[in-house]
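So the chains spell out like this:
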Amino acid sequence: MGAAFLYQFDTIDYFRFAMPRTFSCLFLVFFTTYSLCAQAPDVAGEFSSPLEIPIVLSGTFGELRSNHFHGGLDIKTQGRQGLNVLAAAPAYVSRIKISHYGYGKAIYLTHPNGMTTVYAHLKAFAPKIESYVKERQYQKESFEIELFPDESELTVEQGEVIAYSGNTGGSGGPHLHFEIRDRYQRPMNPLSYGMEVKDTQRPTLSKLMVYPLSPDAQVNQSAIPQELDLIPNPDGTFSAPALTAYGAIGFGIATVDRQDYAMNNNGIYKITTFINGTPNFEVVMDKFTFAETRYINRMIDYELYQKERERVQKLFIEPNNPLSIFPIQENQGMIELKEEQLSYNYLISVQDFAGNETKIQIPITAKKDSLVNPKRIDSTNYFVFPDQAQSIKEGKFDIYIPKGAFYEPQFLDISVSGDQLQLHHDYTPVHKNITLRYDVSAFAKADQEKMYLGRYQDDGDLSFVSSTIKDEKLTARTRVLGAYSFGFDRTAPEVSPENFKDGQWLSKYRYLKFKINDENTGIESYRATLNGSFILMEYDYKTDMLVHDFNDGKAQSGANDLKLVVTDRVGNSTTFEATIYRK
């Protein structure tokens, strides 16, 4: 009962009472810093296209992605790899990063105006850069590497080939990910810098939501969020049915844009809302910071996304949302309806970068009525505030929730049944990592070494979460709620040669290929040698392929003793040995 009483306030109450003490101070610091940084020069038209083909997009700047805004343009490469990637302006290579995941092979150019362009998911670098990288990969004996060349080491001219397009890292298909960043490493919209994309199509809408926000708020006699019908008009605009509402309310929409020559559902550039013709809210995708990008989970209807896989963007600002993409935010985008029988016209304007526009008109009448669907709050044994840390112990699990892990005060449903922890549900977003610890003192040391914590997926499989063991505590950090337990991985990775066998002559082969796989916890590391000396191998986790290029010149004439050791994430390893021959 005490916990239930504690929660007798709503989002609006938290905004009004908590913000003046904490959030407003944080926002002031953030806004001041951002304003000072905004003095970086923005010179439109200074950059040329990074490809020699017309720009067709599979992803736009600021597009809503999982846990982040998209930081650049995804440019289609006609389904091919190996296209020339060009320097967008004179520059020096300031950073090179190669990783199995994320951007894959990526190159960063710093330009005379202090700005940076980024080219990612590359297949390979241009010869002089490739030679520079490979030399250092062999020095480090690692495929994954991050380098920061001096200004004088690798300089390039505008239009010079710096790399070749590919599909490395987390790419879902061949394309070039291209970014423009200012001197403070904030991603900027490349369409503002001369990147031309043909677009004659209006944005499309798939969902319109309304949210009662204050304790006394209601819409059509309901205190819970609800979907509204979208009624198409002959002129291409939309209308919604007339609403009766009271208190503070807000709206949200699911919307995408398509450019010409592509069927991809891309992101929107600008959304503006009006109350009786006066702007009250706007979101514009011109720039943002990487430090703020995870707040996308506060901006969207996260629960709806988890349930329906559709991102509804809220057109109002809730507490603990310091995003810098809202140039207009009157009353945080909310509509206050207090005087009964007054009529309001609420307009949503959705625009792409080319200026194509889709509008939604929503007539509203202020009226307080009896509630048919009141808001329900399910109380539990645990309640958290976003500005406080909390430690919880359930069974053999210790849970540490840091300050700032959640966006708003709420009850958490936490329980343990046997060895399974139910950590609330995944409809609630988590901003900072929660630490889970499981007591493994009852297990033998040999068993402890093969244990890991995992999260149950919808299909019932236990998915590995990076774990460590110290002082007989199995520890993992997570930003995803749900059901957790421990698992054992006693099975070593699978290793199989793809294009050769033991004792084979490979003189006419350029590549040495393996398939490696670990179905339980995944591949942690691999190391290959020829005649005892390290050889570089490139790993593509999407295809489970591990490849060595004989053009590296590490094989000797005649017999070569090959050894490959592959290790999974709990330390199981498989060793493959063979003798191969080269002329």
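Being a predicted model, the structure only gives us computed values, none of them experimental. (Residues numbered from 1 in each chain as written. Predicted model: local features only at pLDDT ≥ 70, side-chain atom pairs only at ≥ 80, totals over all residues. Heavy atoms only, no water.)

Q: In this structure, what is going on with the packing of aromatic side chains? I would like to understand it.
A: In this description, a pair of aromatic rings is defined by centroid distance and the angle of the planes. Going through the model one piece at a time under the given rule, you end up with 25 aromatic pairs. Measuring from ring centre to ring centre gives 5.0 Å for Phe383 and Phe385, while their planes differ by 75°; the resulting arrangement is edge-to-face. Each member of the aromatic cluster is reached from another via a ring pair, and the members are Phe397, Tyr438, Phe443, Phe486 and Phe488. Over the aromatic face of Tyr132 sits the side chain of Arg136, whose NZ or CZ is 3.6 Å from the ring centroid. The side chain of Arg490 reaches across the aromatic face of Phe488, ending 4.3 Å from its centre. (Phe/Tyr/Trp six-rings, centres within 6.5 Å; stacked < 30°, edge-to-face > 60°. Lys NZ or Arg CZ within 6 Å of the ring centre and 35° of its normal.)

Q: How should the pattern of salt bridges be read in this particular structure?
A: Any two side chains of opposite charge can pair, so long as their charged atoms come close to each other. Scanning the entire structure with this criterion turns up 28 salt bridges. Across the pair Arg490 and Asp447 runs a salt bridge whose closest N-O atoms are separated by 3.1 Å. Here the residue Arg490 occupies a position in the loop between strand S39 (482-488) and strand S40 (494-497), and Asp447 occupies one in helix H6 (residues 445-448), the gap between them amounting to 43 residues. One connected set of salt bridges, linked through shared partners, spans Lys207, Glu227, Glu308 and Glu310. (Salt bridge = Lys/Arg side-chain N within 4 Å of Asp/Glu carboxyl O. Helix = DSSP H or I, 4+ residues; strand = E, 2+ residues; numbered from the N terminus.)

Q: Would you mind going over the pairing of strand S29 (residues 390-394) with me for this structure?
A: For a regular strand, side chains alternate in direction, first toward one face of the sheet and then toward the other. With five bridges joining them, S29 and strand S30 (residues 397-401) adopt antiparallel strand pairing. By the bridge assignment, Gln390 is partnered in S30 with Ile401. Where S29 hands over to S30, the hairpin turn is made up of two residues, of which Gly395 adopts a positive phi near 60°. (Pairing = 2+ DSSP bridges.)

Q: Help me understand the sheet that holds S40, please; the structure alone is not making it clear to me.
A: Ordered by their spatial adjacency, four strands build an open sheet running S40-S41-S45-S44, and the pairing between neighbours is antiparallel. Taken across any chain shown, the strands that pair with only one partner, and hence form the sheet edges, are S40 and strand S44 (538-540). Recorded for the sheet is a direction-independent mean angle of 25° between the axes of neighbouring strands. Alignment of S40 against strand S41 (residues 511-517), held across four bridges, turns out to be antiparallel. Its bridge partner being in S41, Pro497 is matched across the sheet by Phe514. (Axes fitted to C-alpha atoms, helices over the stretch in contact; angles between N-to-C directions.)

Q: What is the right way to look at the nonpolar core in this model?
A: Nonpolar side chains in soluble globular proteins tend to be buried together. Among the nonpolar cores identified, the biggest contains 109 residues, and Phe251, Ile364 and Phe514 are the most heavily contacted of them. Take this core: its biggest share by element is five residues, from strand S20 (residues 243-256). Core analysis: the second largest hydrophobic core is formed by 25 residues, Phe406, Ile414, Leu436 and Met451 among them. (Core = buried A, V, L, I, M, F, W, Y, C linked by side-chain atoms within 4.5 Å. Buried < 20%, exposed > 50% of the residue type's maximum accessible area, 1.4 Å probe, protein only.)

Q: I would appreciate a short explanation of unusual backbone geometry in the present structure.
A: Glycine aside, residues mostly have negative phi angles, and peptide bonds mostly take the trans form. The phi dihedral of Asn67 is positive, around 70°, even though this residue is not glycine. Structurally, the position occupied by Asn67 is in the loop between strand S2 (64-65) and strand S3 (68-69). Of note in the backbone geometry, Glu472 takes a positive phi value of approximately 60° without being a glycine. Mapped onto the fold, Glu472 is located in the loop between strand S37 (467-470) and strand S38 (473-478). When its relative accessible area of 28% is taken as the criterion, Glu472 is described as partly exposed.

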